[in-house]
Amino acid sequence: MNDTPTLRAAAGKPAVSRRTFMMTTAAGAGVAATCGAVAATPAEAPANPHAGSQATRVTINGKPYELALEPRASLLDVLREQLGLTGAKKGCDHGQCGACTVHVDGRRVASCLTLAVKTDGCAVTTIEGIESLDGTLHPMQQAFIDHDALQCGYCTPGQVMAAIACVREGHATSDAQIREYMSGNICRCGAYAGILEAIREAAPQMQRSEAARHA
Ligand code: FES
Ligand code: FES
């Protein structure tokens with residue numbers, strides 16, 4: 001005979017198992033606690049669609065934005081999902097591939113690892129913002145085209161933004177240096193030879209045009 005741990009009731013009354021007894025009393029306590037909480041809450045507070053959001057003023061590609069951002073939102077998600085700037089790509093979302101590279105105050109960053117609220121007061125530049133006002137491509141963009149520095153193109157916006165920063169940082173003075181300072185940008189298509197040639201060619205052009213602009 002199966003003799004499970006059952007609380008035997010008096011004759012004629014249903015038996016209650018120890019497990020059922022514990023579950024029932026625990027649920028009852030939960031309900032009591034919840035009811036107390038409900039009673040203390042003011043009735044029907046109006047929902048605030050920006051509850052928990054943080055006001056952020058940021059200039060993106062020369063255009064000022066006032067945004068209400070979730071504190072945990074990444075810059076990459078805000079650019080792509082909220083502002084429709086889909087040039088920066090989501091490759092790994094872990095800071096390992098460089099596909100999401102943009103500039104913040106002139107410095108390259110992995111936008112997937114950058115909290116958007118941290119760009120408050122900053123100037124962000126994406127691949128959409130580097131051509132001239134008349135539509136002329138940036139010398140680095142043109143060099144990528146001229147040297148066939150892409151295949152599928154998925155990594156290319158990040159490569160171009162990293163390459164521009166690499167030149168401005170003074171890290172494009174030799175092939176070895178370019179390889180080292182571009183090593184955070186992965187190309188699954190293996191277009192590295194073309195990327196190296198493009199940077200080698202665009203570097204002096206960039207330096208000349210930026211020197212002329214600041215003269
Ligand atoms: Fe940001 Fe890969 S998506 S580094
Ligand atoms: Fe395809 Fe780089 S061109 S991943």
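Structure shown above.
Source: prediction; values computed, not measured.

Colleague: Looking at this structure, how should I read the overall build of the protein chain?
Modeller: For the protein chain, the helix and strand inventory stands at six helices and seven strands. When its helices and strands are written in sequence order, the protein chain yields β-β-α-β-β-α-β-β-β-α-α-α-α. Within the protein chain, buried positions represent 30% of all 215 residues. In the protein chain, the share of contacts with a sequence separation of at least 24, taken over all contacts with a separation of at least 6, comes to 55%.

Colleague: Explain the nonpolar core to me, please; I cannot follow it from the model alone.
Modeller: The nonpolar side chains of a soluble globular protein tend to be buried, and buried together. Counting 44 residues, the largest nonpolar core has M140, A163, C166, V167, A198, I199 and A202 as the members making the most contacts within it. Elements supplying a minimum of two residues to this core: β3 (54–60), α2 (75–82), β6 (107–110), α3 (139–146), α4 (156–168), α5 (175–181) and α6 (192–214). A per-element tally of this core places α4 first, with eight residues. Shared between two domains, this core holds at least three residues of each, these being domain 1 (52–129) and domain 2 (131–209).

Colleague: Help me out: how do you make sense of the pairing of β6 in this one?
Modeller: Strand residues, when the strand is regular, have side chains that alternate between the two faces of the sheet. Of the strand pairs in this sheet, strand β5 (residues 101–104) and β6 are connected by four bridges, and their pairing is antiparallel. Bridge pairing in β6 places H103 opposite R108.

Colleague: Explain the packing of α3 against α6 here, please?
Modeller: Each pair of packed helices gets described by two things: the angle between the helix axes and the distance between those axes. Remark: α3 packs on α6, axes separated minimally by 9 Å, with the N-to-C direction vectors making an angle of 155 degrees. On the basis of the axis angle, α3 is roughly antiparallel to α6. The element α3 and its partner α6 pack so that their crossing is right-handed. When α3 is examined against α6, the residues P139, M140, A143 and F144 are found in contact with a partner set consisting of A198, E201, A202, Q205, M206 and S209. Residue composition of the contact of α3 with α6, grouped by class: seven nonpolar, two polar and one charged.

Colleague: Quick question: what am I supposed to make of the sheet that holds strand β4 (residues 63–69) here?
Modeller: Hydrogen bonds along the backbone pair up the strands of a sheet, which may run parallel or antiparallel. Taken in spatial order, the five strands of this open sheet run β4-β3-β7-β5-β6, and their pairing is mixed. Each end of this open sheet is capped by a strand with a single partner; those strands are β4 and β6. Across this sheet, the average inter-strand angle for adjacent strands is 40 degrees, counted without regard to direction. Bridge count between β3 and strand β7 (residues 123–125): two bridges; the pairing is parallel. Paired with T59 across the strands is A123, a residue of β7.

Colleague: When you look at α6 in this model, what are you seeing that I'm missing?
Modeller: Structurally, the α-helix is built with 3.6 residues per turn, so residues lying three or four positions apart point the same way. For α6, with 23 residues, the first-to-last C-alpha span of 32 Å sits near the 33 Å given by 1.5 Å per residue. When α6 is considered as a whole, its buried residues turn out to be G194, I195, A198, I199, A202, A203 and M206. Against α3, α4 and α5 lie the buried residues of α6.

Colleague: Would you mind going over the packing of α4 against α6 with me for this structure?
Modeller: Their axes nearest at 10 Å, the elements α4 and α6 cross at an angle of 45 degrees. On the basis of the axis angle, α4 is oblique to α6. For α4 against α6, the interelement crossing comes out right-handed. Contacts between α4 and α6 involve Q159, A163, C166 and V167 on the former and, on the latter, I195, I199, A202, A203 and M206. Across the contact of α4 with α6, the residue classes break down as eight nonpolar, one polar and no charged.

Colleague: Looking at this structure, how should I read the environment of T119?
Modeller: If you trace the backbone, T119 turns up in the loop between β6 and β7. Among the residues examined, T119 registers 25 C-beta atoms within 10 Å and is labelled buried. Excluding residues that lie within four positions of it along the chain, T119 makes contacts with T56, V58, L75, V104, T114 and V124.

Cut-offs and rules
- Every residue gets a number counted from 1 within its own chain, in the order that chain's sequence is written.
- Ligands are numbered from 1 and chains lettered from A, in the order in which they are written.
- The predicted nature of this model means local features are confined to residues of pLDDT at least 70 and side-chain atom pairs, given and counted, to a pLDDT of 80 or more, with totals for whole chains, interfaces and linings taken over all residues.
- Secondary structure elements are defined from DSSP: runs of H or I of at least 4 residues count as helices, runs of E of at least 2 residues count as strands, and each element is numbered from the N terminus.
- Every C-beta atom is placed from the backbone, and the number of other C-beta atoms within 10 Å of a residue's own sets its class: buried at 20 or more, exposed at 12 or fewer, partly exposed in between.
- By the criterion used throughout, residues are in contact when their C-beta atoms, derived from the backbone, lie within 7 Å.
- Take the buried Ala, Val, Leu, Ile, Met, Phe, Trp, Tyr and Cys residues, join any whose C-beta atoms are within 7 Å, and the set you get is a nonpolar core.
- In this entry, domain limits derive from an automatic or database-based domain assignment.
- Two strands qualify as a pair provided DSSP detects at least 2 bridges between them.
- Inter-axis angles, ranging from 0 to 180 degrees, are taken between N-to-C directions of lines fitted to C-alpha atoms, where helices are fitted over the stretch in contact.
- Here the word oblique covers every angle except those under 35 degrees (roughly parallel), over 145 (roughly antiparallel) and from 65 to 115 (roughly perpendicular).
- For any helix crossing, the convention is left-handed if the near helix is rotated counterclockwise from the far helix by under a right angle, and right-handed if that rotation is clockwise.
- Lys, Arg, Asp and Glu make up the charged group, whereas Ala, Val, Leu, Ile, Met, Phe, Trp, Tyr, Cys and Pro make up the nonpolar group; the residues left over, Gly among them, are polar.
- One fewer than the residue count of a helix, multiplied by 1.5 Å, yields its expected span.

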